[in-house]
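# Remarks on the overall topology
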Amino acid sequence: MGLREDKKDRTRTQLLEAGLDLIHKRGFEETTVADIAAAVSVSPRTLLRYFPTKEDVIVSWVQDGMMIIREELRRRLKSEPPVAALLAAARAMLVDFDEKSRFFLSIETAIRSNKSISARKEQMIAELIDEVAQVLTSSGRRAPMPGIVAYTVAGTVFGLIRATISSWIEGGGAKSLPDIFDQAAKVVQFDRNVTK
């Protein structure tokens, strides 16, 4: 990465962290684009180059989490069975969220209170389920996973993620996200032929 890209990445990270911190302290509706920009000593115009709307600050968090799943899944599929790889990828995302739980609780609260952001998140998840199912059907195994099975596996794992996050929020963020996920995942039994 060149110096220019490194600086852009640093600025984006600073803006994201400042935005999440302000949203955590003040709430989503009370935080303005100008507030976020001022916290990083940039103009609102500069912030809008990275995040075209205030909602995009929240959505970028969701995108970052989804990137973890994508990267972990592809990496793990090289040496692990598809179901194990997807469960581990989901858990890796939740570990990352758990490390930033202070922000994550504010973000999920903001998402739940804003129909527009909530709808965007649901659309992003639906698209990621489709993408994950496609990856599972072509994961390089001797016998490819049939599409219906891949969609069922992907939908089930994302259902576990959703249940984990809901339970975590209801508990006020007191428990570990990975621990809740592990507990939820024990309830699901995948067919042995699918897990190979």
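All of these numbers come straight from a predicted model, not from anything done at the bench.

Reading the values: the criteria
- Residues numbered from 1 in each chain as written.
- Predicted model: local features only at pLDDT ≥ 70, side-chain atom pairs only at ≥ 80, totals over all residues.
- Heavy atoms only, no water.
- 1 Å grid on protein atoms, 1.4 Å probe; cavity = no way out; pocket = protein on both sides within 12 Å on 5 of 7 lines; lining within 4 Å.
- Points joined across faces, edges and corners; volume = space filled by probe spheres on them.
- Helix = DSSP H or I, 4+ residues; strand = E, 2+ residues; numbered from the N terminus.
- Nonpolar A, V, L, I, M, F, W, Y, C, P; charged D, E, K, R; others polar.
- Contact = heavy atoms within 4.5 Å.
- Axes fitted to C-alpha atoms, helices over the stretch in contact; angles between N-to-C directions.
- Parallel < 35°, antiparallel > 145°, perpendicular 65-115°, else oblique.
- Left-handed = near helix turned anticlockwise from the far one by under 90°.
- Salt bridge = Lys/Arg side-chain N within 4 Å of Asp/Glu carboxyl O.

### Section: empty space enclosed by the protein
One pass over the structure, following the stated rule, counts 1 cavity of 30 Å³ or more. In this structure, the largest cavity is lined by Arg70, Leu73, Arg74, Glu131, Val132 and Val135. Mapped by element, the contributors of at least two residues to the lining of the largest cavity are helix 4 (54–76) and helix 7 (115–137). Tallied by class, residues from the lining of the largest cavity come to 3 nonpolar, no polar and 3 charged.

### Thoughts on the environment of Ala88
Mapping Ala88 onto the fold places it in helix 5 (residues 82–99). Along the primary structure Ala88 and Arg76 are separated by 12 residues, whereas in three dimensions their C-alpha atoms are 8.1 Å apart. With residues near it in sequence (within four places) discarded, Ala88 still touches Arg76 and Glu80.

### Thoughts on the packing of helix 4 against helix 7
Remark: helix 4 packs on helix 7, axes separated minimally by 11 Å, with the N-to-C direction vectors making an angle of 15 degrees. Overall, the two elements helix 4 and helix 7 adopt an arrangement that is roughly parallel. The two elements helix 4 and helix 7 cross, and the hand of that crossing is right-handed. Residue-level inspection shows Glu55, Asp56, Ile58, Val59, Val62, Gln63, Met66, Ile69, Arg70, Leu73 and Arg74 of helix 4 in contact with helix 7, the latter providing Ile117, Arg120, Lys121, Met124, Ile125, Leu128, Glu131, Val132, Val135 and Leu136. Per-class residue counts for the contact of helix 4 with helix 7 are 13 nonpolar, 1 polar and 7 charged.

### A short note on the pattern of salt bridges
The tally for this structure, following the rule as stated, stands at 13 salt bridges. In this structure, Asp182 and Arg91 form a salt bridge, with 2.9 Å as the shortest nitrogen-oxygen distance. Residue Asp182 is located in helix 9 (residues 177–185), and its partner Arg91 is located in helix 5; the two are separated by 91 residues in the primary sequence.

### Structural notes on the layout of surface pockets
Roughly 340 Å³ of volume is contained in the largest pocket. For the largest pocket, the lining is made up of 20 residues, of which Glu108, Lys121, Glu122, Ile125 and Ile165 are closest to its centre. The set of elements that each furnish at least two residues to the lining of the largest pocket consists of helix 4, helix 5, helix 6 (101–113), helix 7 and helix 8 (147–170). Tallied by class, the residues present in the lining of the largest pocket amount to 13 nonpolar, 2 polar and 5 charged. By volume, the second largest pocket amounts to about 230 Å³. The wall of the second largest pocket is formed by 14 residues, among which Leu16, Trp61, Asp64, Asp96 and Lys100 lie closest to the centre. In terms of residue count, the dominant contributor to the lining of the second largest pocket is helix 1 (residues 3–26) (6 residues).

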